[in-house]
2 protein chains.
Amino acid sequence: MKIEILPKNENDAIQKEIISKIRDYINYKNLEPGDKLPSERKLSENFGVSRSSVREAIQTLEFYGLLKSKPQSGTFVADIGSVALNGMITDILRLEKPDFKSLVETRILLELKTVRLAALRRSKEELKEIEEALEAYATKVMNGEDAVQEDLLFHLAIAKASGNSTINTFMLTITPEIITNFTKYHVCDKNIAFIGIQEHRDIYEAIKKQDPQLAKEKMKVHFKMLYQYCYNIPD
Amino acid sequence: MKIEILPKNENDAIQKEIISKIRDYINYKNLEPGDKLPSERKLSENFGVSRSSVREAIQTLEFYGLLKSKPQSGTFVADIGSVALNGMITDILRLEKPDFKSLVETRILLELKTVRLAALRRSKEELKEIEEALEAYATKVMNGEDAVQEDLLFHLAIAKASGNSTINTFMLTITPEIITNFTKYHVCDKNIAFIGIQEHRDIYEAIKKQDPQLAKEKMKVHFKMLYQYCYNIPD
DNA sequence: TTTCTTAAATTGGTTAACCAGATTGGTTTG
DNA sequence: CAAACCAATCTGGTTAACCAATTTAAGAAA
């Protein structure tokens, strides 16, 4: 059993280097919003790396909204000044994989908001989807099966009903990591899951009644266990 | 002047189709966590698309933590059950570009949290960085220059000091879009910016004093204008 | 000189060939 | 019979060649 050095790290290191070089270039040439970067070919030649590596780096910066590449035209600096561009690229370079505690902390924050918004904004269809997710969860638990997935899908259904696409996206990005860690640390053991059914049901009823305050309260109750777990897990 | 149909949309459509086919395949073959997908070559052949398109789709699913590809080995289903996998892919396929309102709504939510956390957890170095960002902002405003970027960098510095890497990442992803829209809708006009200096300073002092409640209050004051703007912008 | 035309050069995107490492199954060896 | 070995094969990643749309600028026409 060898200790696994993630190969991705090396890749990431290369990409970060390229990103930093792109930043340096933008600074050196004093490029402003809307200005064009050199072609991918020239950049790859300039940096001494493959063109596909340059492409990946550009795609990453495009994801963060800092660059915008147009087919058959070029790659352009976004409508963001050089100050913000520099600051953000620096931040991006320093980004590291989120730890579990921050994930849970963020999830709680987001969900206390989504459940309120869902109570206010949910459509009939969305309410129905939440109910279906609830039933799927309850059924699984009653059969004594593991229901971590159904649990999280219930929460995702609420996020979708919140009508806030940004939060919904964020919830989607953190959920897989949450599920993995929950399974690993056995956060949702079966005895707890039984209590979870009623708690879920309470949340659902509050959303159905369109009572945001009650919904938030019920969600807080539901997260009570999570709080404890979150702060007992080793770093 | 032709109406621009974003080329990315078409690309996205293709990618979404591939993602949906991957989901169907996983369902059809009943793949479970840890199982291996067919090679990229076979998938591309199977789906009748180019291999690079398949790769992009896989990378997207990897970003959401649903797949994991290992070099010289294969692409594997993450440690997530098929139920969650299906639900999440369905959600991902439905994702659309976040609207400005949801961005602002989310930003306010996140920042009211980060400012409290920053007051609790900030190190001396982080406090210093916040101060520097504050001064850069004040200087720009006093010179009568536009300071949207410095404004947001101040807020990002707080996010960094919150010690929550997940929220920090989220703040980074929404900031460029925020800046673009602020510039477009002239949210931060210069007369407002002058008031902003004092508000920023108040927030900074609260963080310095390590008073989370006060910090949150000051941030709320700072967001008061934003609230109004947020709900006056047309859809 | 100005404007329109057009063809060559440049662009990001796509496809195909290639590479090094991991996997696998049959063979050998103890 | 089981473990160790090795080569053929398969893998994701990389590189290079190709494509179509776009841009550019030179040249023709006014």
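These numbers come from a predicted model, not from an experiment.

Rules and cut-offs
- Residues numbered from 1 in each chain as written.
- Chains lettered and ligands numbered in written order.
- Predicted model: local features only at pLDDT ≥ 70, side-chain atom pairs only at ≥ 80, totals over all residues.
- Heavy atoms only, no water.
- Helix = DSSP H or I, 4+ residues; strand = E, 2+ residues; numbered from the N terminus.
- Buried < 20%, exposed > 50% of the residue type's maximum accessible area, 1.4 Å probe, protein only.
- Contact = heavy atoms within 4.5 Å.
- Buried area = accessible area lost by both parts, 1.4 Å probe.
- Salt bridge = Lys/Arg side-chain N within 4 Å of Asp/Glu carboxyl O.
- Polar contact = N/O pair within 3.5 Å; in protein donor to acceptor, adjacent residues only side chain to side chain.
- Nonpolar A, V, L, I, M, F, W, Y, C, P; charged D, E, K, R; others polar.
- UniProt positions renumbered as here; feature names shortened; annotations may be inferred.
- Domains from an automatic or database assignment.
- Near = heavy atom within 4 Å.
- Least-squares fit on C-alpha atoms with pLDDT ≥ 70 in both.
- Axes fitted to C-alpha atoms, helices over the stretch in contact; angles between N-to-C directions.
- Left-handed = near helix turned anticlockwise from the far one by under 90°.
- Expected span 1.5 Å × (residues − 1).

Student: I would appreciate a short explanation of the overall build of chain A in the present structure.
Tutor: From N to C terminus, chain A includes 10 helices and two strands. If you list the helices and strands of chain A from N to C, you get α-α-α-β-β-α-α-α-α-α-α-α. Of all 235 residues assigned to chain A, the portion counted as buried reaches 48%. By sequence separation, contacts in chain A at least 24 residues apart represent 73% of the contacts at least 6 residues apart.

Student: Teacher, can you tell me more about the interface of chain A and chain B here?
Tutor: For an interface, size is often stated in terms of accessible area lost upon the parts coming together. Contacts between the two partners involve 55 residues from chain A, matched on the other side by 54 residues from chain B. When chain A packs against chain B, close to 4500 Å² is buried across both sides, 64% of that on carbon and sulfur atoms. The tally of links between chain A and chain B comes to four salt bridges. Linking B:D91 and A:K160 is a salt bridge whose minimum nitrogen-to-oxygen distance equals 3.2 Å. Linking chain A with chain B are 23 residue pairs in polar contact (both at pLDDT 80 or more), by the criterion used here. When residues in the side of chain A that touches chain B are grouped by element, the largest group, 13 residues, is from helix 8 (residues 165–185) of chain A. Of the residues assigned to the side of chain A that touches chain B, the class counts are 25 nonpolar, 16 polar and 14 charged.

Student: Can you walk me through the UniProt feature "domain: HTH gntR-type" (unreviewed entry) in chain A in this structure?
Tutor: With numbering aligned to this structure, UniProt lists the feature "domain: HTH gntR-type" (unreviewed entry) at residues 12–80 of chain A. Secondary structure across residues 12–80 of chain A divides into 55% helix and 12% strand, with the first and last C-alpha atoms of the span separated by 25 Å.

Student: Please clarify how the UniProt feature "coiled-coil region" (unreviewed entry) in chain A should be interpreted in this entry.
Tutor: Mapped onto this numbering, the UniProt entry gives "coiled-coil region" (unreviewed entry) at residues 110–147 of chain A. Across residues 110–147 of chain A, helical content stands at 82% and strand content at 0%; the span's end C-alpha atoms are separated by 22 Å.

Student: What am I meant to see in the domain arrangement of chain A here?
Tutor: Splitting chain A by domain gives domain 1 (8–94) and domain 2 (100–231). Here the C-alpha centroids of domain 1 of chain A and domain 2 of chain A sit 38 Å apart.

Student: Just to check I follow, could you spell out the protein's contact with DNA strand D for this structure?
Tutor: By nearness alone, 18 residues border DNA strand D, and A:S50, A:S52, B:R41, B:R51 and B:R55 come closest of all. Protein-adjacent atoms of DNA strand D, using a 4 Å cutoff, are sugar or phosphate at a proportion of 57%. The side chain of B:Q72 places a nitrogen or oxygen atom 3.2 Å from a base nitrogen of DNA strand D. Within the side chain of B:T75, one N or O atom sits 3.5 Å away from a phosphate oxygen of DNA strand D. Secondary-structure elements contributing two or more residues to the surface near DNA strand D are helix 3 (51–63) of chain A together with helix 2 (40–47), helix 3 (51–63), strand 1 (67–70) and strand 2 (74–77) of chain B. Counted by class, the surface near DNA strand D contains one nonpolar, 10 polar and seven charged residues.

Student: Looking at this model, I keep getting lost on the protein's contact with DNA strand C. Mind explaining?
Tutor: DNA strand C sits among 19 residues. The nearest are A:E40, A:R41, A:R51, A:R55 and B:S50. Per the 4 Å cut-off to the protein, sugar and phosphate atoms form 53% of the nearby atoms of DNA strand C. Here A:E40 contributes a backbone N or O atom positioned 3.0 Å from a phosphate oxygen of DNA strand C. Between A:R55 and DNA strand C, the recorded distance is 2.4 Å, taken from a side-chain N or O atom to a phosphate oxygen. Of all the elements in the fold, those that place two or more residues in the surface near DNA strand C are helix 2 (40–47), helix 3, strand 1 (67–70) and strand 2 (74–77) of chain A together with helix 3 of chain B. Here the surface near DNA strand C is built from residues that sort into one nonpolar, 11 polar and seven charged.

Student: Explain the side chain of B:N164 to me, please; I cannot follow it from the model alone.
Tutor: Considering the arrangement of structural elements, one finds B:N164 in the loop between helix 7 (148–161) and helix 8 (165–185). From its side chain, B:N164 meets the backbone nitrogen of B:T166 in a polar contact 3.0 Å long. Sequence-distant contacts of B:N164, defined by excluding residues within four places in its chain, comprise A:S102, A:E105, A:T106, B:L117 and B:R121.

Student: Hey, could you run me through the relation of the copies chain A and chain B in this one?
Tutor: Relating the two copies of this chain is a rotation about some axis coupled with a shift parallel to it. You can overlay chain A on chain B at an RMSD of 0.1 Å; the transform is a turn of 180 degrees with a shift of 0.0 Å along its axis. Given the turn and translation reported, the copies of this chain are related as if by a two-fold rotation axis. Within chain A, the C-alpha atom positioned nearest to the axis of rotation is that of A:F170, 3.8 Å from it. The share of interface residues of chain A whose copies in chain B are also at the interface is 98%, consistent with both copies meeting through the same surface.

Student: So what exactly am I meant to see when it comes to the packing of helix 5 (residues 100–121) of chain A against helix 5 (residues 100–121) of chain B here?
Tutor: Viewed as axis vectors pointing N to C, helix 5 of chain A and helix 5 of chain B meet at an angle of 145 degrees, and their least axial separation amounts to 11 Å. The element helix 5 of chain A and its partner helix 5 of chain B pack so that their crossing is right-handed. Contacts between helix 5 of chain A and helix 5 of chain B involve A:E105, A:L109, A:L110, A:K113, A:L117 and A:R121 from the first element and B:E105, B:L109, B:L110, B:K113, B:L117 and B:R121 from the second. The residue makeup of the contact of helix 5 of chain A with helix 5 of chain B, split by class, is six nonpolar, no polar and six charged.

Student: Explain the environment of A:F76 here, please?
Tutor: All names here are of chain A. The residue F76 is located in strand 2 in this model. Each C-alpha atom, one on F76 and one on E217, is 47 Å from the other, the two residues being 141 residues apart in sequence. Sequence-distant contacts of F76, defined by excluding residues within four places in its chain, comprise G34, D35, K36, L66, L67, K68 and K70.

Student: Help me understand helix 7 of chain B, please; the structure alone is not making it clear to me.
Tutor: Note on helix geometry: an α-helix contains 3.6 residues per turn, so any two residues three or four positions apart are oriented the same way. Residue and element names in this part refer to chain B. Compared with the 20 Å implied by 1.5 Å per residue over 14 residues, the 20 Å span of helix 7 between its first and last C-alpha is a close match. For helix 7, the tally of buried residues reaches 13 of 14 residues, placing the bulk of the element in the interior. One or two residues past the end of helix 7 sits G163, with phi positive at roughly 70 degrees.

Student: Would you take a moment to explain the pattern of salt bridges for this structure?
Tutor: Between side chains of opposite charge, a pair can form as their charged atoms come close. Residues and elements named next belong to chain A. Taken as a whole and judged by the stated rule, the model has 18 salt bridges over all chains. R23 serves as the salt-bridge partner of D24, at 3.7 Å between the closest nitrogen and oxygen. On the basis of relative accessibility, which here comes to 40%, the residue D24 falls in the partly exposed class. We classify R23 as buried; its relative accessible area is 18%. As a salt-bridge pair, E111 and R107 come within 2.7 Å of each other at their nearest N and O atoms.

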